[in-house]
Amino acid sequence: MYKNFRKECNEYIKKQSENSEFNSCTNRWVNLSYQFKYMYNYEVLGRPIIQYPQDMVAMQELIWSIKPDLIVETGIAHGGSLILNASMLALLDMVDAIESDKTIYPKASRRKVLGIDIDIRAHNSAAIEAHPMACRIQMIHGSSTAPEIIAQVKDVAKDYQRILVCLDSNHTHEHVLAELEAYTPLVTPCSYCVVFDTIIEDLPDDFFPDRPWSKGNNPKTAVWEFLRNNDRFEVDKEIENKLLITAAPDGYLKCIKD
Ligand SMILES: C[S@@+](CC[C@H](N)C(=O)[O-])C[C@H]1O[C@@H](n2cnc3c(N)ncnc32)[C@H](O)[C@@H]1O
């Protein structure tokens, strides 16, 4: 039953991804959504997140299928994506407890989200630290491409077996390429490195006049350059074909080798 249902869904996903009218509506919608800062409208368990709901659901699906014990995330902002990912890790802990027939599930957990941000505002870090998910979150203050920060992340990661990485910090080509070089070696086979805001390449050139990124200089161009010299990862097109609305076209990178 489930297999047939999935097969039918996949047929529709293929059709929608090939439909020019659906795709041009989506592009128009995405353009307008950036003008209205639509992705700032949501919260996860009380913390603001800067993402499309579609990408949040995709992260939920990835975390359920990968079952990571560590999620490394660059770009914390208000902490919504940390809380989203930590809450999914809490659910994995709960499932483990249910499956091993424990009536109480552990508050303390080995599973963790490690967030890195160059500018963790005091009010955001206080709210994240006071959140019920805080026991699954560690924050590092500094630039994600600074050698001493990369060394700290690697030191934490050495004790983990299944690692998922999300990049959502400075969106320039140079910065994201440096993050890809630094953090993709941590990603374990069959897991992902999710690169957000690759969509900048598909938006009009004058969209971010006050930002250092633009068409030709953004996370998508960094992904393309990274993939030219790296055969451990490939773009999972199925995810973006399913979502259509996503900030990460060509940004769902699957690790296909040891
Ligand atoms: C788009 S926001 C992150 C949004 C967050 N992931 C979410 O979904 O709610 C980008 C964040 O990247 C941080 N950032 C900018 N440059 C950085 C750098 N070099 N290293 C680490 N973080 C950086 C900013 O301070 C900002 O908080």
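Structure: see above.
Residues numbered from 1 in each chain as written. Predicted model: local features only at pLDDT ≥ 70, side-chain atom pairs only at ≥ 80, totals over all residues. Heavy atoms only, no water.

### Some details on the overall build of the protein chain
- Along its length, the protein chain carries 9 helices and 9 strands.
- The principal-axis extent of the C-alpha atoms belonging to the protein chain is close to 50 × 50 × 35 Å.
- Across the 258 residues in the protein chain, those meeting the buried criterion constitute 50%.
- Residue pairs at least 24 apart in sequence account for 71% of intrachain contacts in the protein chain once pairs closer than 6 positions are excluded.
- Summed over all atoms, the accessible surface of the protein chain reaches about 13300 Å², with 54% contributed by carbon and sulfur. (Helix = DSSP H or I, 4+ residues; strand = E, 2+ residues; numbered from the N terminus. Buried < 20%, exposed > 50% of the residue type's maximum accessible area, 1.4 Å probe, protein only. Contact = heavy atoms within 4.5 Å. Areas by Shrake-Rupley, 256 points an atom, 1.4 Å probe, with all protein chains shown as cover.)

### Examining the packing of helix α3 (residues 53–66) against helix α4 (residues 80–99)
- Following both chains from N to C, one finds α3 and α4 inclined at 35°, their axes separated by 10 Å at the closest point. As α3 packs across α4, the resulting crossing turns out to be right-handed. Residues Met56, Met59, Gln60, Ile63 and Trp64 of α3 pack against Leu84, Asn85, Met88, Leu89, Leu92 and Val95 of α4.
- Across the contact of α3 with α4, the residue classes tally to 9 nonpolar, 2 polar and no charged. (Axes fitted to C-alpha atoms, helices over the stretch in contact; angles between N-to-C directions. Left-handed = near helix turned anticlockwise from the far one by under 90°. Nonpolar A, V, L, I, M, F, W, Y, C, P; charged D, E, K, R; others polar.)

### Let's talk about the packing of aromatic side chains
- Evaluated as defined, the whole model comprises 8 aromatic pairs.
- Between the aromatic rings of Tyr34 and Tyr52, the centroid separation amounts to 6.4 Å while the plane-to-plane angle is 75°, which identifies the pairing as edge-to-face. Of this pair, Tyr34 sits in helix α2 (residues 20–35) while Tyr52 sits in the loop between β2 (47–49) and α3; the two residues are 18 residues apart in sequence, bridging distant segments of the chain.
- Taking the relative accessible area as the measure of exposure, Tyr52 reaches 0% and is therefore buried.
- Measuring from ring centre to ring centre gives 5.7 Å for Tyr38 and Tyr42, while their planes differ by 70°; the resulting arrangement is edge-to-face. (Phe/Tyr/Trp six-rings, centres within 6.5 Å; stacked < 30°, edge-to-face > 60°.)

### Things to note about the sheet that holds strand β6 (residues 163–167)
- Strand order in this open sheet of 7 strands is β5-β4-β3-β6-β7-β9-β8, and the pairing throughout is mixed. Edge positions in the sheet fall to β5 (137–141) and β8 (233–235), since each of these pairs with one other strand and no more. Shown here is a sheet whose adjacent strand axes are inclined to one another by a mean of 20°, direction ignored.
- The sheet contact formed by β8 and strand β9 (residues 252–255) spans 3 bridges and is antiparallel. By the bridge assignment, Glu234 is partnered in β9 with Lys254.
- Lying on the sheet, helix α8 (residues 219–228) is in contact with β7 (192–195), β8 and β9; it crosses β8 at an angle near 135°. (Pairing = 2+ DSSP bridges.)

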